[in-house]
Amino acid sequence: MRLLAAAAGLAAALGGESLAARVAPAAGAWVDLMLLPVAWYGLQGRARWAMGVGCAAGLLHDAWFRVDAFGLEGFKKTLLGWSLASLASRFDLNQAVGRLASGMLLVVADQGLEWALRGLLDVAQGPWRPWALGMRALVNGVLVATVLAGLDRCLRRGEKSAARH
């Protein structure tokens, strides 16, 4: 059941990112929907699941949206999932402020890893724009906080109705 939920979450994130790229191509520079499943499993504190979902999310992102350095997103999101799950197992990040901070931290760490790994691979990269990184972190942090809060609310409602029957 958990594997099916992870696959559904990945499919929804990939579909949402594909739709966003089609409807508003500029949204790809600001929103990374493939971080949502990584954040969901990472905030639960399950490192293995966060790493697996991160790897799958990154490889799907590489296959659909990248033309260079295949596997880079898979490696980054695997590492980000493990890091977030390690933090979440030690600190209570599964509340509004923690989710916001986690979403922002994921984006900043993702961009830092991107910069470092592209430098190691001698792959061309764009200019460093801190203001754009700050705005992207804020947008994705708010997105992580709101989507995961809504998902958590839906799951709780489903558990309550199942308990009544």
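Computed from a predicted model, the values in this text were never measured in an experiment. Going along each chain's sequence as written, the residues are numbered from 1 onward. Where totals are concerned, whole chains, interfaces and linings use all residues; where local detail is concerned, this predicted model gives features only for residues with pLDDT of at least 70, and gives and counts side-chain atom pairs only at 80 or more. In computing side-chain properties, one takes all heavy atoms of the structure into account and sets aside hydrogens as well as water.

### With respect to the confidence of the model for the protein
So, point 1. Residues with a pLDDT of 70 or more make up 95% of the protein, whose mean pLDDT is 90.
So, point 2. Of all secondary-structure elements in the protein, the lowest mean pLDDT belongs to helix α6 (residues 130-164), at 87, while helix α4 (residues 72-90) reaches the highest, 95. Each residue carries a pLDDT score, the predictor's confidence in it, ranging from 0 to 100. Numbering of helices and strands runs from the N terminus, with a helix taken as a DSSP run of H or I at least four residues long and a strand as a DSSP run of E at least two residues long.

### Quick word on the packing of aromatic side chains
So, point 1. Each aromatic pair joins two rings of Phe, Tyr and Trp (for Trp, the six-membered one) with centres within 6.5 Å, and gets the label stacked for planes under 30 degrees apart, edge-to-face for over 60, and tilted for any other angle. Considering all chains together, one arrives at two aromatic pairs under this definition.
So, point 2. Look at Trp 30 and Trp 131: their rings are 6.4 Å apart centre to centre, the planes differ by 45°, and that puts the pair in the tilted class. On the criterion of sequence distance, the pair formed by Trp 30 in the loop between α1 (2-23) and α2 (35-43) and Trp 131 in helix α6 is long-range, its members being 101 residues apart.
So, point 3. Classification of residues uses two cut-offs on accessible area relative to the type maximum, computed with a 1.4 Å probe and protein chains only: under 20% is buried, over 50% is exposed, and between them is partly exposed. When its relative accessible area of 32% is taken as the criterion, Trp 30 is described as partly exposed.
So, point 4. Residue class for Trp 131 comes out exposed when judged on its relative accessible area of 57%.
So, point 5. Ring geometry for Tyr 41 versus Trp 49: centroids 5.9 Å apart, planes at 20°, classification stacked.
So, point 6. Tyr 41 sits in the buried class, given a relative accessible area of 6%.
So, point 7. Judged by its relative accessible area of 26%, Trp 49 falls in the partly exposed class.

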